[in-house]
Amino acid sequence: MSSSPHHSSAFSRRDALRTSAAATAALLSGCSPARKSLDYPKTRIPLPEEAMAMFRRYPDFFEFSSPDRLPANLPWQNGQDVPELGDPEAKKGGTYFYYNPDFPRTLRFLGPDASGAFRSYILDSNALALAAQHPDNAQWYPQLATHWAFSPDGRTVYFKLDPDARFSDGVPVRADDYFFCFYFMRCDYTADLWYQDFYTTKYSKITKFDDLTIAITVPETKPDVLYRAISVRPVPVHFYRDLAEDWESHYQWQFEPTTGAYEVRPENVDKGRSVTLTKVPGWWAADKKHHRFRFNVDRISIRVVRDQGKAFELFRKGEIDVFNMRLADYWYRKLPDSDQRVTSGCIHKATFYNEIPRPTWAVLINRSRPLLDNKDIRQGIQFALNWDLAIAEMFKGDGERMQTCSDGYSMVSFPDIKARPFSIPEAEAAFARAGFSKRGPDGVLTNDKGQRLSFTLTTGYKPYTDLFVILKNEALKAGLGLNLEIIEMTAAWKKMDEKKHDLGFGAKNVSVEMYPRFWENFHSANAYKEDGSIKTDTNNETQTAIPALDALISAYDKAETMDEIVRLAREIVAILHDDAAFIPAFVQPYYRVAHWRWLRWPAGFNVRSSRDWEEFHVYWVDPAIKDETRRALDAGSAAFPPSVRTFEQFRLKPSPSS
């Protein structure tokens, strides 16, 4: 699945943790006391008074209207002509078995520890939106809404909600749940600064005409206004009826009722060992177009296997259905095409080229750390990292160098910006400008004060250890010392969240959007508090704080035309390239998997903008093939047609230069 605590539906970002200031505000906000029981009503209830008080305070934002005020002659769309997803031949039922290296620390979607890789199973790739963009052709099709329409000025999207839509506990989805989303995201109790900002500044109004008709308005006309509008998800009013200051602990292991196909029941959580998702009984969208040939399995069983090597052995035994073959060592050496399980056709291998904005694999330099506030040192570090060699060794020619922090967007590209290559002379010159020109006995440069040019590289990506060793050894040739700190994934991201790293390696998935976002990762609002102290638990791990860049990002977020968006994006990326705190690492324009032959996909394997094999739930388990394979293996007579295939129908094309 995804490669870091980043996930990418319309709903997602890497969650920020609650701050002590926000917690104090929560204690003073006067909301109702926390309830003692975990029970909640399985029926619609009125919006709570605390939410209504917020709505009354901001009448221009929260509008309660009536059906007769709905504009006449709106050009309603319903997406019914959009090609259907999935395969009509898909089998229903069975269990899909996979693993995760960590046990989820919470089932909440918001707040501390809510951003791990497990979140994609319960929210990002599960919950439905008002509408969704077809992953092959970018056309929109219905999910929680049956119809949508745009205002003449392009700032408002009107939605007719599907009267059939239900949460997993059977409670109907209605307009109040969308209003409650804004309260939930902006309330002092949840106190997530990113969400508070997003749901305050990215929208200007939500209107209720009746229980099944709403409108969402954004401040500016945007090319992607529908994407922005459908990012508002229904948050079940009845589930959070007693939201209070202890909400984080109270809801820690409670699964929020979902509109999606899968839920987590308490009896299916074996803490520290596994979590199993089960199909929602009588799921409301099971027979709807675009969903009836997806979400095929009845159970998704995710066991915790902390060691990748052990997980691979479990896969070879058939206890795990599929294995991520991202690393060339697994693809070419540990499971070569000549392996008996491959030649016998029991295990299939697939390479699928997708077309997506690329995950941001990078080294992130913390500009707030000693010496790393010097741009010459940061640029020198970039020249000192031999990515070409590391990529060649790690991916055996199947990887590419990432060029910027925002590669792969359909409407914005950066043809004039290239990642700095490995160059000892360039690195030494940059370090010398910063005062580091003398070599110590270990080869590390020092300055006149005796300070060594040595930093710690923190990461949780243990499978890339060989890559880090190459970077370390090559960097020393340029006089740069790298200390490798390869720790558990959650610990590594926590250290980076707390801005205690020197250099951090990792990646965030990014949403499949028309153009990139910059505010979360590079605006000073996510680097420092008003008093100048470091702001922790944000996505700005580089601690980038450049006033001119802030102004450009603010203008970019308000830009209304693609020409303006492209121009500003290129100016922003040029500044970030010069600043050199973000070091682009690598790109794999595909994903690779090995899977047992009973795990099936449609004829073309997957959809254009799939970031992994699971995301759009077009796979299925064929019980007859599984039984046939097991019996053949037990008898020692397995001899099925081998399958090692490459799917290139969506191989990434160069992005338009605008």
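Residues numbered from 1 in each chain as written. Predicted model: local features only at pLDDT ≥ 70, side-chain atom pairs only at ≥ 80, totals over all residues. Heavy atoms only, no water.

A. Seen up close, the pattern of salt bridges. Evaluation of the coordinates by the stated rule reveals 45 salt bridges. Across the pair Lys 288 and Asp 164 runs a salt bridge whose closest N-O atoms are separated by 2.8 Å. Separated by 124 residues along the polypeptide, Lys 288 in the loop between strand S11 (274-279) and strand S12 (299-304) and Asp 164 in the loop between strand S6 (156-161) and helix H4 (175-186) bring together distant segments of the chain. Arg 241 is paired through a salt bridge with Asp 242; the nearest N and O atoms lie 3.6 Å apart. Note on Arg 241: relative accessible area 37%, which makes it partly exposed. (Salt bridge = Lys/Arg side-chain N within 4 Å of Asp/Glu carboxyl O. Helix = DSSP H or I, 4+ residues; strand = E, 2+ residues; numbered from the N terminus. Buried < 20%, exposed > 50% of the residue type's maximum accessible area, 1.4 Å probe, protein only.)

B. Inspection of the environment of Tyr 58 at higher detail. Mapped onto the elements of the fold, Tyr 58 is located in the loop between helix H2 (49-57) and strand S1 (62-64). With relative accessibility at 39%, the residue Tyr 58 sits in the partly exposed group. When the C-alpha positions of Tyr 58 and Ala 580 are compared, they lie 42 Å apart, and in sequence the two are 522 residues distant.

C. Quick look at the domain arrangement of the chain. When cut into domains, the chain gives domain 1 (45-279), domain 2 (307-354 + 595-647) and domain 3 (362-587). With 17 residues of domain 1 in contact, the opposing surface of domain 2 contributes 25 residues. With both chains or domains summed, domain 1 and domain 2 bury close to 1,800 Å², and 59% of this area falls on carbon and sulfur atoms. When residues of domain 1 are sorted by the area they lose upon contact with domain 2, Tyr 96, Tyr 99 and Pro 135 head the list and together hold 31% of the total. Here domain 1 is connected to domain 2 by zero salt bridges. Remark: the boundary between domain 1 and domain 2 carries seven residue pairs in polar contact (both at pLDDT 80 or more). Of the residues that constitute the side of domain 1 that touches domain 2, the class distribution is nine nonpolar, four polar and four charged. (Domains from an automatic or database assignment. Contact = heavy atoms within 4.5 Å. Buried area = accessible area lost by both parts, 1.4 Å probe. Polar contact = N/O pair within 3.5 Å; in protein donor to acceptor, adjacent residues only side chain to side chain. Nonpolar A, V, L, I, M, F, W, Y, C, P; charged D, E, K, R; others polar.)

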